[in-house]
Amino acid sequence: MTALTIAPAADVPWASVERLFDSTAASRHCSCRWWLTTNAEAAVLDDADRRTASQGDHAARTLRGLIARLGDEPIGWVGAGPRADFVRLSRTKAIAGAVPDSDFGDAGVWSIVCFIVVPDHRGTGVARALLAAAVAHAAAAGAAIVEAYPVDADAQAANPASTRSTLKPSGLNTGTAALFSDAGFVEVGARVTDARPVMRVSTAVQS
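Sequence order as written defines residue numbering, which begins from 1 separately in each chain. Local features in this predicted model are restricted to residues of pLDDT 70 or higher, and side-chain atom pairs are both shown and tallied only at a pLDDT of 80 or more, whereas totals for entire chains, interfaces and linings draw on every residue. The basis for every side-chain value is the complete set of non-hydrogen atoms in the structure, without hydrogens or water.

**Student:** Explanation requested: the pairing of strand S4 (residues 109–117) in the structure shown.
**Tutor:** Consecutive residues of a regular strand have side chains that alternate between opposite faces of the sheet. Within S4, 9 of the 9 residues are buried, which leaves it mostly tucked inside the rest of the structure. Relative to S4, strand S3 (residues 73–82) runs antiparallel, the two being bridged by 7 bridges. For Gly81, the partnering residue across the bridge sits in S4 and is Ser111. Note on pairing: two strands pair once DSSP finds at least 2 bridges between them. The helix count covers DSSP runs of H or I at least four residues long, the strand count covers runs of E at least two residues long, and both are numbered beginning at the N terminus. Of the strand pairs in this sheet, S4 and strand S5 (residues 145–148) are connected by 4 bridges, and their pairing is parallel. Its bridge partner being in S5, Trp110 is matched across the sheet by Val146. Handedness of a crossover: with both strands directed away from the viewer, a clockwise path from the first strand across the helix to the second marks it as right-handed. In this fold, the crossover linking S4 to S5 by way of helix H6 (residues 126–140) has right-handed handedness. Throughout, exposure labels follow a simple rule: accessible area from a 1.4 Å probe, protein chains only, divided by the maximum for the residue type, with under 20% read as buried, over 50% as exposed, and the rest as partly exposed.

Take a look at the structure:
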């Protein structure tokens, strides 16, 4: 059986990254740029612009994510990097209002912002493997805390009308609260919206 391998996106050929981005309609549109741009910046970018920006980051070895592959087949992605890089986080009320500190430039905090799993490989543990690898990668880069902004699927199901706005544009692409809880993350701060907790894990606890 072919083993699953996970590596920083910079260490994977761009063709594999691009193939992964093209695996779903949402990721084809975004190319993992949503959390890296403000509303004003996003308004003037089209799909080609976003793809070009990610390709440039890949060439500069600054593409913020890891790729899961079975052999040479890319089957999953996790967007992860220093929280300061994801400028939209501090401008998103559901997140900024729940984060228990106000210094979004803290280099010791890394964020996990999104997942992509190729449809044929969903439900096989790829997201869990990507999450574990992202935490280990953040720790190796010097992060003290890894932070995430998942959807509480139970809260969403209980009251979909009140939580609908928190699920755009990424839907469940930020991961579910259960996924992070199972990996040792705990909720911090106070929720601004029912379906969007902020969750953290200390890399010291994980090591």
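Having seen the model, we can carry on.
**Student:** Whenever I open this one, unusual backbone geometry confuses me. Can you help?
**Tutor:** What is expected of a backbone is that most residues other than glycine have negative phi and most peptide bonds are trans. Residues other than glycine seldom take positive phi values, yet Cys32 does so here, at roughly 55 degrees. Despite not being glycine, Arg61 has its phi angle at roughly 60 degrees, a positive value. Here Arg61 shows up in the loop between helix H4 (47–59) and strand S2 (65–70). Of the residues examined, Arg61 reaches a relative accessible area of 54% and is grouped as exposed.

**Student:** Honestly, the sheet that holds S5 in this entry has me stumped. Any pointers?
**Tutor:** Strand pairing in a sheet relies on backbone hydrogen bonds, with the paired strands running either antiparallel or parallel. With mixed pairing, 7 strands are arranged side by side in an open sheet as S1-S2-S3-S4-S5-S7-S6. Every interior strand has two partners, whereas the edge strands, strand S1 (4–8) and strand S6 (186–188), have only one. Averaged over neighbouring strand pairs, the angle between their axes works out to 30 degrees when direction is ignored. Examined bridge by bridge, S2 and S3 share 6 bridges and lie antiparallel to one another. Opposite Ala68, over in S3, you have Gly76 as the bridge partner. What makes two residues a contact is simply this: any of their non-hydrogen atoms within 4.5 Å. Every angle, taken between N-to-C directions, lies between 0 and 180 degrees, and every axis is a line fitted to C-alpha atoms, over only the stretch in contact when it is a helix. This element, helix H1 (residues 14–21), spans S2, S3 and S4 of the sheet and lies at about 95 degrees to S3. In the packing of H6 onto the sheet, contacts are made with S1, S2, S3, S4, S5 and strand S7 (198–202), and the angle to S4 comes to roughly 155 degrees.

**Student:** Which parts of the structure should I look at to understand the pattern of salt bridges?
**Tutor:** A pair can form between side chains of opposite charge whenever their charged atoms are brought close. Each reported salt bridge corresponds to a side-chain nitrogen of Lys or Arg within 4 Å of a carboxyl oxygen of Asp or Glu. Here the structure, examined in full by the defined rule, presents 14 salt bridges. The closest approach of N and O atoms between Arg33 and Asp57, which form a salt bridge, is 2.7 Å. Separated by 24 residues along the polypeptide, Arg33 in the loop between helix H2 (25–30) and helix H3 (39–43) and Asp57 in helix H4 bring together distant segments of the chain. Relative accessible area serves as the criterion here: at 14%, Asp57 is assigned to the buried category. A single salt-bridge network, built from bridges that share partners, covers Arg33, Asp57, Arg64 and Asp85.

**Student:** What am I meant to see in the packing of H1 against H4 here?
**Tutor:** The description of two packed helices rests on the angle between their axes and on the distance between the axes. At a minimum axis distance of 11 Å, the contact between H1 and H4 shows a crossing angle of 145 degrees. Relative to H4, the crossing made by H1 is right-handed. Packed against H1, whose contacting residues are Trp14, Val17, Glu18 and Phe21, the element H4 presents Arg51, Ser54, Gln55 and His58 at the interface. By the convention adopted, Pro, Cys, Tyr, Trp, Phe, Met, Ile, Leu, Val and Ala count as nonpolar, Lys, Arg, Asp and Glu as charged, and the other residues, Gly among them, as polar. Each residue belonging to the contact of H1 with H4 can be placed in one class, and the counts come to 3 nonpolar, 3 polar and 2 charged. Left-handed describes a crossing in which the near helix is turned anticlockwise from the far one by less than a right angle; the clockwise case is right-handed.

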